[in-house]
Amino acid sequence: EAITVAELANRMAERVADVVKSLMQMGVMATQNQTIDADTAELIIEEFGHKVTRVSDADVEQVIEQVEDSEDDLKPRPPVVTIMGHVDHGKTSLLDAIRNTKVVTGEAGGITQHIGAYQVTTDSGAVLSFLDTPGHAAFTSMRSRGAQVTDIVVLVVAADDAVMPQTVEAISHAKAAGVPMIVAINKIDKPAANPTKVRTDLLQHEVVVEQMSGDVQDVEVSAHTGQGLDELLEAIALQAEILELKANPDRPAQAAVIEAKLDVGRGPVATVLVQNGTLRQGDIFVVGEQWGKVRAMENDRGERVKEAGPSVPVEVLGLNGTPEAGDVLNVTSTEAQAREIAEYRAQVAKDKRAAAGAATTLDQLMQKAKDDQNVAELPILVKADVQGSAEAIVQAMEKIGNDEVRVRVLHYGVGAITETDVGLAEASGAPIMGFNVRANASARNTANQKGVEIRYYSVIYDLVDDVKAAASGLLSAEV
Ligand code: GDP
């Protein structure tokens, strides 16, 4: 836990110069951008007569505690639907077809925009929310981050094909999540369509559709002709009724991040799906390791909205950073709470990664390789100012090591160290070696957050020497 002098002063609402002076009196020489450890910060805080509050797990839980909603406060909410199935069986086409036939376009030109989710109204008046991100990766990564967003899975199987590996995968995902399925037998317009084969195929995976006297609804559809689409939507509405989905619109919002990106013009933008409560413009929130204040919201039709209730997808502006899909957003009562929780989580995540042996410094890598007899491999990332240097470094790296130890250059390139580099390094537990290049600000921040080591060199020899030292450390460890 560390904090910059400037940030500390800012939080105490004291002048930076006074804090620096006070630090000096304690024998700590620090400029405003330097960080000081938590214990020193605590002494300073007391020195200025403020109260020290350190955030803990308990505090986080208290702030975002789930107050049980009483039965009376619960109102029906639309189901959230995810479309899954094998590649090319028509997930995207189906999502597009449903959107095109059912979304009442907004007044302003009627251009629907992609925000990762959309809502439709069926002919019988039921509202359904679709996650516009087909693919199992999204589904599982959201689930692994604690956001169970999907209420109903539509399993798409092409009628001219059969149950395929990803169909089976989708069935497993839905079952593991305890989410009911509806089977959409797509491409029924094709001459080669054989829906009966699909139904019998599914039997082998313990999916017994209604036509086979089971209880899983099945609908024959064509994303191309539109046949069966209304029927499919009514089937979803019926399933939703059985589930009796409810939420309490009259409480501070909890929402799940569907998609998030850094928009050049607008800053960090997240599409969230409200799970409970109502999200309002001006709300202060924490979302994963980020926090913010709802500056503006847009719905799936690109219209500005002031509030979003349960199961409504909206794009949110006003974040301090980009959260990850599956992160949960909670409205807090104060900005201090929101940022403290965000910072606390970032710190906990960082500590965890360090503890888990996400070896990202050379020294840690050596230690890890020592511990693990089989792995004597140093992964590194190289960024250099010109192609020639990058190649020279990679060649030198390849010469280091022997049968027992080896340097693996995961990636090398020319130019500044970017967030993408940091992401790759983090995923592989590798340090980044920069030769005559620097990391840009966002890469530095991310590296700090994720605990990725970045080393800078201006002499190739020094760089090679450091890596050699690490490698020979491995070798001597094996003797
Ligand atoms: P995804 O990979 O599951 O998202 O599948 P796509 O939606 O990309 O569809 C794969 C291919 O099947 C595309 O060439 C579509 O045009 C075609 N396709 C999708 N639905 C239908 C359908 O109902 N009928 C016919 N004939 N072709 C379809």
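In case you missed it, the structure is sitting above this.
Heads up: these notes are all about the structure in this document. Everything numeric here is computed off the predicted structure, so don't read it as measured data.

Basis of the calculations
- Residues numbered from 1 in each chain as written.
- Predicted model: local features only at pLDDT ≥ 70, side-chain atom pairs only at ≥ 80, totals over all residues.
- Heavy atoms only, no water.
- Near = heavy atom within 4 Å.
- Polar contact = N/O pair within 3.5 Å; in protein donor to acceptor, adjacent residues only side chain to side chain.
- Areas by Shrake-Rupley, 256 points an atom, 1.4 Å probe, with all protein chains shown as cover.
- Salt bridge = Lys/Arg side-chain N within 4 Å of Asp/Glu carboxyl O.
- Helix = DSSP H or I, 4+ residues; strand = E, 2+ residues; numbered from the N terminus.
- Buried < 20%, exposed > 50% of the residue type's maximum accessible area, 1.4 Å probe, protein only.
- Core = buried A, V, L, I, M, F, W, Y, C linked by side-chain atoms within 4.5 Å.
- Contact = heavy atoms within 4.5 Å.
- Arc of directions from axis to C-beta.
- Expected span 1.5 Å × (residues − 1).

1. Some points on the site of the ligand
As a structural note, the neighbourhood of the ligand is formed by 15 residues, with Asp-88, Lys-91, Thr-92, Ser-93 and Asp-189 the closest of them. With respect to the ligand, the side chain of Thr-92 contributes an N or O atom lying 2.5 Å from an oxygen atom. At 2.5 Å, a side-chain N or O of Ser-93 approaches an oxygen atom of the ligand. Starting from 580 Å² of accessible surface for the ligand in isolation, the protein chains cover 75%.

2. Quick look at the pattern of salt bridges
Side chains that carry opposite charge are capable of pairing whenever their charged atoms lie near each other. Throughout the structure, instances matching the rule amount to 17 salt bridges. Note that Asp-201 is salt-bridged to Lys-197, the shortest N-O span being 3.3 Å. Remark: Lys-197 and Asp-201 occur in helix H8 (residues 195–203); sequence separation between them is four residues, near one turn of the helix. Overall, Asp-201 belongs to the buried group, its relative accessible area being 15%. The partner of Arg-266 in a salt bridge is Glu-315, with the nearest N and O atoms 3.2 Å apart.

3. Notes on the nonpolar core
Counting 26 residues, the largest nonpolar core has Ile-83, Leu-94, Ile-98, Phe-130, Val-154, Leu-232 and Ile-236 as the members making the most contacts within it. Sorting the residues of this core by element identifies strand S4 (80–85), helix H5 (91–102), strand S5 (117–121), strand S6 (127–131), strand S7 (152–158), strand S8 (181–186) and helix H9 (229–243) as the ones contributing at least two each. Here this core takes seven residues from H9, the largest share from any one element. Contact partners of Leu-232, with chain neighbours within four places excluded, come to Leu-94, Ile-98, Val-154, Ile-182, Ala-184, Val-219 and Val-221. Counting 21 residues, the second-largest nonpolar core is a separate cluster that includes Met-84, Ala-174, Val-183 and Val-216.

4. Some points on helix H14 (residues 441–450)
If you check which residues of H14 are buried, you get Ala-443, Thr-446, Ala-447 and Lys-450. Angularly, the buried residues of H14 cover 100° about the axis, an arc narrow enough to put them on a single face.

5. Notes on H9
Helix length check: H9 (15 residues) gives 21 Å between terminal C-alpha atoms against 21 Å at 1.5 Å per residue, within 8%. Taken together, the buried positions of H9 are Leu-229, Leu-232, Leu-233, Ala-235, Ile-236, Ala-237, Gln-239 and Ala-240.

All quantities given are derived from atomic positions and should not be read as evidence of function.
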